[in-house]
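Descriptive structure summary
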Amino acid sequence: MKYTILIVEDDPALIELLRLYLETEFTVLSTGNGHEAMEVVARQHVDLAIADIMMPGMDGLQWVRTVRERHRFPILILSARDQDHDKILGLGLGADDYLTKPFNPLEVTARVQAMLRRAYRFGSPDDRTDMEEEPIQAGELTLDPKSCTLYRDGEAVTLTSTEYKIIAFLMRYPNRVLTRKRIYESVWDDAFAYDDNTIMVHISNLREKIERDPKTPAYIRTIRGLGYKFEAPEMD
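About the thresholds
- Residues numbered from 1 in each chain as written.
- Predicted model: local features only at pLDDT ≥ 70, side-chain atom pairs only at ≥ 80, totals over all residues.
- Heavy atoms only, no water.
- UniProt positions renumbered as here; feature names shortened; annotations may be inferred.
- Pairing = 2+ DSSP bridges.
- Helix = DSSP H or I, 4+ residues; strand = E, 2+ residues; numbered from the N terminus.
- Axes fitted to C-alpha atoms, helices over the stretch in contact; angles between N-to-C directions.
- Contact = heavy atoms within 4.5 Å.
- Buried < 20%, exposed > 50% of the residue type's maximum accessible area, 1.4 Å probe, protein only.
- Domains from an automatic or database assignment.
- Buried area = accessible area lost by both parts, 1.4 Å probe.
- Salt bridge = Lys/Arg side-chain N within 4 Å of Asp/Glu carboxyl O.

The protein chain carries the name Response regulator transcription factor in an unreviewed UniProt entry, which gives Cohnella terricola as its organism. Comment text from UniProt for the protein chain, heading Subcellular location (unreviewed entry), reads "Cytoplasm".

As structure tokens, then:
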């Protein structure tokens, strides 16, 4: 069964280029703006989306913010905006990866493959390690690898696939300093050079979701100049 990729892009030529490289391996759907894309995800199953930022009507950033209210599938942003703050904003709204235009279609294909691999290998019948792993308890947090769900004080936390991968990796190695590069290599699982901003934004998003005070984190500690360390705080 093929994965289904949704392209949200208002440039027909770019859609056709992406189709040329993706359709040999995936089922490809396409829309010209965010409103049409919302209709697609409401009526059809989508495994991954590729979205432009600058589109008429609902732009790509608005679409990412809206779709993240209900869906967890990976999102790759393709945009001509190449400033760091644009990338940080896109990732902060819930995108999993960000690639600037012009781009190499082979790199897009490779990133799509890597995103699908890291998003859906959890819970696979062939992935016996995760299926057999017991829940991890840390303070108010409980990670259930069998359902790929994180609970905070008994309530499920809504995470993107990338956020889940990061917190799962950190919780498996408590009280150990993990460099940003090691986190990237484990979570992204691809050959592209890691990006500090990408890691920082996803960590910031996680803190907003799991910490009582994100500005003074109790679970995910920053180790200046090195990376991050996961700690389980003592409960009252």
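So much for the structure itself; the text now carries on.
**Topic: the sheet that holds strand β2 (residues 27-31)**
The sheet built from 5 strands is open, its strands ordered β2-β1-β3-β4-β5 with parallel pairing. Two strands in the sheet have a free side with no partner beyond their single neighbour: β2 and β5 (97-100). Between one strand axis and the next, the sheet turns by 20° as a mean value, whatever way the strands run. Where strand β4 (residues 75-79) and β5 come together, 4 bridges link them in parallel fashion. Paired with leucine 76 across the bridge in β5 is aspartate 97. The sheet strands contacting helix α1 (residues 12-22) are β1 (4-8), β2, β3 (48-52) and β4, and the helix crosses β2 at an angle near 170°.

**Side note on the side chain of glutamate 231**
Residue position: glutamate 231 is located in the segment after β12 (227-230). Classification of glutamate 231 by relative accessible area gives buried; the value is 18%. Each residue touching glutamate 231, except ones within four places of it in the same chain, is listed here: Asn175, Ala218, Tyr219 and Arg221.

**Section: the domain arrangement of the protein chain**
Here the protein chain is partitioned into domain 1 (4-122) and domain 2 (136-230). Between domain 1 and domain 2, the C-alpha centre-to-centre distance is 23 Å. Between domain 1 and domain 2, the contact holds 20 residues from the first and 20 residues from the second. Carbon and sulfur atoms supply 50% of the area buried between domain 1 and domain 2, which totals about 1,900 Å² over both sides. Counting across the domain 1 and domain 2 interface gives 0 salt bridges.

**Details of the UniProt feature "modified residue: 4-aspartylphosphate" (unreviewed entry) in the protein chain**
Here the UniProt feature "modified residue: 4-aspartylphosphate" (unreviewed entry) sits at Asp52. Structurally, aspartate 52 is set in strand β3. Ignoring sequence-local partners within four residues, the contact set of aspartate 52 consists of Val8, Glu9, Asp10, Gly60, Leu78, Ser79 and Lys101.

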